Amino acid sequence: MTNKLLPSQLSPGNKIEEYDLVFIVLDLAKGWILEAICREIAAFFPGKYCFHYSKSALPPAKAYFFAHYSFLPICLQLNPSIWGSKILVWHTHPRNDMGISNDELIYVLNRATKVICACSQFARLLVSQGLKSQKVTYILGAADPQLFQPHERSNGAVGFCTAFYYRKEPERILNIIKRMRSRQFILLGKGWKNYDRFTEMQALPNFSYIEAPYTEYPQHYAKMDVFVSTAKLEGGPIPLIESMMCNIVPVASNTGFAPDLIVHGENGFIFDVDSSIEVICDLIEQAFQVPANVRKTVENLSWENFSRSVQELL
C-alpha cells in the first residue's frame, strides 16, 4: 500500500481507521512465496486487513504480521508506536546476512508477541539461542488439497520443484540425474538458465525442464512418482507438501519441515544434509517400492487450516 490516505481509511474527524491486521511485506518478500503465504492467511481472515510495503509509516492496527523476521528490527526502530502492539513474526530459516548480531536479533524477537517458525527444528534452535519459549511456536506449511489431487503411482518420473538458488544444491541435482540414467527426471521451476551448468543438464536424455504457471503445477506433479528435495537449508519447502498431496513419495534432506512430515521408510525417506549422491540415489530407488497412501499423511495441511492456526495466535 502507499502512504497516501484512502477515503475508506478516514473516519469522522479525519482519524485513521484501525485495521485488525496489517501484513508487512518488504522487498525481500514482495512477489515471492512469503507474500503468497500472507495472501493465503488473508484469504481466510474475517477481519479488516491491508498489505503494507514500506518499512515506515505503518498504519494503526490491532495486530501486525511480519512476512519475514528480518523486517522486524528496522520497523520497530522507525515505528515506535507499534512497540507493545500484537506482533506476529514469520521465521523461515536462519540467515547470516542480517546486518545485526544474533544476540541483537534474539533481543528484538523477544519483543514480538509470537515468532512463528516454519518447522520444529528452527523453533528449538531459537529457544537454544535465547528466545523465550513462550514466544515461539511453529506452524507447518500448506497447499491447496483441491488443486493438488492424488494419482496412482506407476513407474513415473523423479521430480524436483524449485527456483534456481545455489542453496538448493544444483550440483547434487545434476549428479543425481547423471547417475540414475534409467530414470526420467523432471525439474519444475524457474531461473535455471542462470545455472552455469544448465546446458550440460539440459542435454541429458533423461531430463526435462519445465517453466509453467503455478496453476499448471498439478499436471506436472501427475507425471512424478518420487519427489526429491536436496537443499542443505530450508524453511519448507512448500513443494514438498504439494507433491505429497499428489501422492508422490518424498526423498528429502533433513532440514526445514521434512522431518515433521516424513516418517522414514513409511511415507518417504530422509537423508542427512551431507549425504553422498550414492546414498540419495539408493533412497530414490527405494521410494519406488513404498506402498503408502502419502496424501493421507498431509491432507490436513490446507491453507485454510494454516490461516486458522495463525488466527488463533491473534
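Residues numbered from 1 in each chain as written. Predicted model: local features only at pLDDT ≥ 70, side-chain atom pairs only at ≥ 80, totals over all residues. Heavy atoms only, no water.

**Student:** Give me the lowdown on the overall build of the protein, citing residues and values where you can.
**Tutor:** When its secondary structure is counted, the protein shows 11 helices and 14 strands. Its C-alpha radius of gyration of 21 Å places the protein within 12% of the 20 Å reference for a compact globule of 314 residues. Overall, the protein is about 70 × 40 × 35 Å in size when its C-alpha atoms are taken along their principal axes. Going through the 314 residues of the protein one by one, you find that 54% of them count as buried. (Helix = DSSP H or I, 4+ residues; strand = E, 2+ residues; numbered from the N terminus. Rg over C-alpha atoms; globule rule 2.2 N^0.38 Å. Buried < 20%, exposed > 50% of the residue type's maximum accessible area, 1.4 Å probe, protein only.)

**Student:** Account for the sheet that holds strand β6 (residues 86-91), naming residues and giving values.
**Tutor:** Read across the open sheet, the 6 strands follow the order β4-β3-β5-β6-β7-β8; overall the sheet is parallel. The two strands at the open ends of the sheet, each matched to only one other strand, are β4 (49-52) and β8 (136-138). On average, each strand axis in the sheet is inclined to that of its neighbour by 20°, with strand direction left out of account. Two strands pair when backbone bridges link them, and strand β7 (residues 114-117) and β8 are joined in this way by 3 bridges, in the parallel orientation. Each bridged residue has a counterpart across the sheet, and for Cys117 the counterpart in β8 is Tyr138. Each of β3 (21-24), β4, β5 (63-66) and β6 touches helix α1 (residues 33-43); the most contacted strand, β4, lies at about 170° to it. (Pairing = 2+ DSSP bridges. Axes fitted to C-alpha atoms, helices over the stretch in contact; angles between N-to-C directions. Contact = heavy atoms within 4.5 Å.)

**Student:** A description of the packing of aromatic side chains should follow, citing residues and the corresponding values.
**Tutor:** Across all of its chains, the model carries 18 aromatic pairs by this definition. Taking 6.4 Å as the distance between ring centres and 70° as the angle between the ring planes, the aromatic pair formed by Phe45 and Tyr49 counts as edge-to-face. Between Phe164 and Tyr195, the aromatic rings sit 5.6 Å apart at their centres with planes inclined by 35°, giving tilted as the arrangement. With Phe164 in the loop between β9 (157-161) and α5 (170-179) and Tyr195 in the loop between β10 (185-188) and α6 (198-202), this residue pair connects regions lying 31 residues apart in the sequence. Take Phe164 and Tyr195: they sit in the same class, and that class is buried. Clustering of aromatic rings is evident, with ring pairs tying together Phe23, Phe45, Tyr49, Phe51, Tyr53 and Phe65. If you follow Lys30 out to its NZ or CZ, it ends over the ring of Tyr53, 5.0 Å from the centre. The cationic tip of Arg183 hangs over the ring face of Phe288; the distance from NZ or CZ to the ring centre is 3.6 Å. (Phe/Tyr/Trp six-rings, centres within 6.5 Å; stacked < 30°, edge-to-face > 60°. Lys NZ or Arg CZ within 6 Å of the ring centre and 35° of its normal.)

**Student:** Outline the packing of α5 against helix α10 (residues 277-287), listing residues and values.
**Tutor:** Packing of α5 against α10 brings their axes to within 10 Å, and their N-to-C directions diverge by 60°. As summarised for this structure, α5 and α10 are arranged oblique, according to the angle between their axes. Judged by the sense of rotation from one axis to the other, the crossing of α5 with α10 is right-handed. Contact residues: α5 offers Arg172, Asn175, Ile176 and Arg179, while α10 offers Ile277, Glu278, Ile280, Cys281 and Ile284. For the contact of α5 with α10, a count of residues per class yields 5 nonpolar, 1 polar and 3 charged. (Parallel < 35°, antiparallel > 145°, perpendicular 65-115°, else oblique. Left-handed = near helix turned anticlockwise from the far one by under 90°. Nonpolar A, V, L, I, M, F, W, Y, C, P; charged D, E, K, R; others polar.)

**Student:** Go over the confidence of the model for the protein, please, and point to the residues and values.
**Tutor:** Within the protein, residue pLDDT values average 93, and 95% of them lie at 70 or more. Residue range residues 1-14 is modelled with pLDDT below 50. Its contacts to residues more than four positions away, or to other chains, number 19 contacts. (pLDDT = per-residue confidence, 0-100.)

**Student:** Account for a nonpolar patch on the surface, with residues named and values stated.
**Tutor:** Together, Leu28, Trp32, Ile33 and Tyr165 give the surface a local cluster of nonpolar side chains, amounting to about 310 Å² of exposed area. Its place among the elements puts Leu28 in the loop between β3 and α1. On the accessibility criterion, Leu28 (36% relative accessible area) is partly exposed. (Patch = residues over 30% accessible without salt bridge, like charges linked within 9 Å, V, L, I, M, F, W, Y side chains within 5 Å. Areas by Shrake-Rupley, 256 points an atom, 1.4 Å probe, with all protein chains shown as cover. Salt bridge = Lys/Arg side-chain N within 4 Å of Asp/Glu carboxyl O.)

**Student:** Break down the pattern of salt bridges for me, with residues and values.
**Tutor:** In this structure the tally under the stated criterion is 12 salt bridges. Between Arg179 and Glu278 there is a salt bridge, and its shortest N-O distance comes to 3.6 Å. Pair noted here: Arg179 is in helix α5 and Glu278 is in helix α10, with a separation of 99 residues, a long-range link. Residues participating in the shared-partner salt-bridge network are Glu171, Lys178, Arg197 and Glu200.

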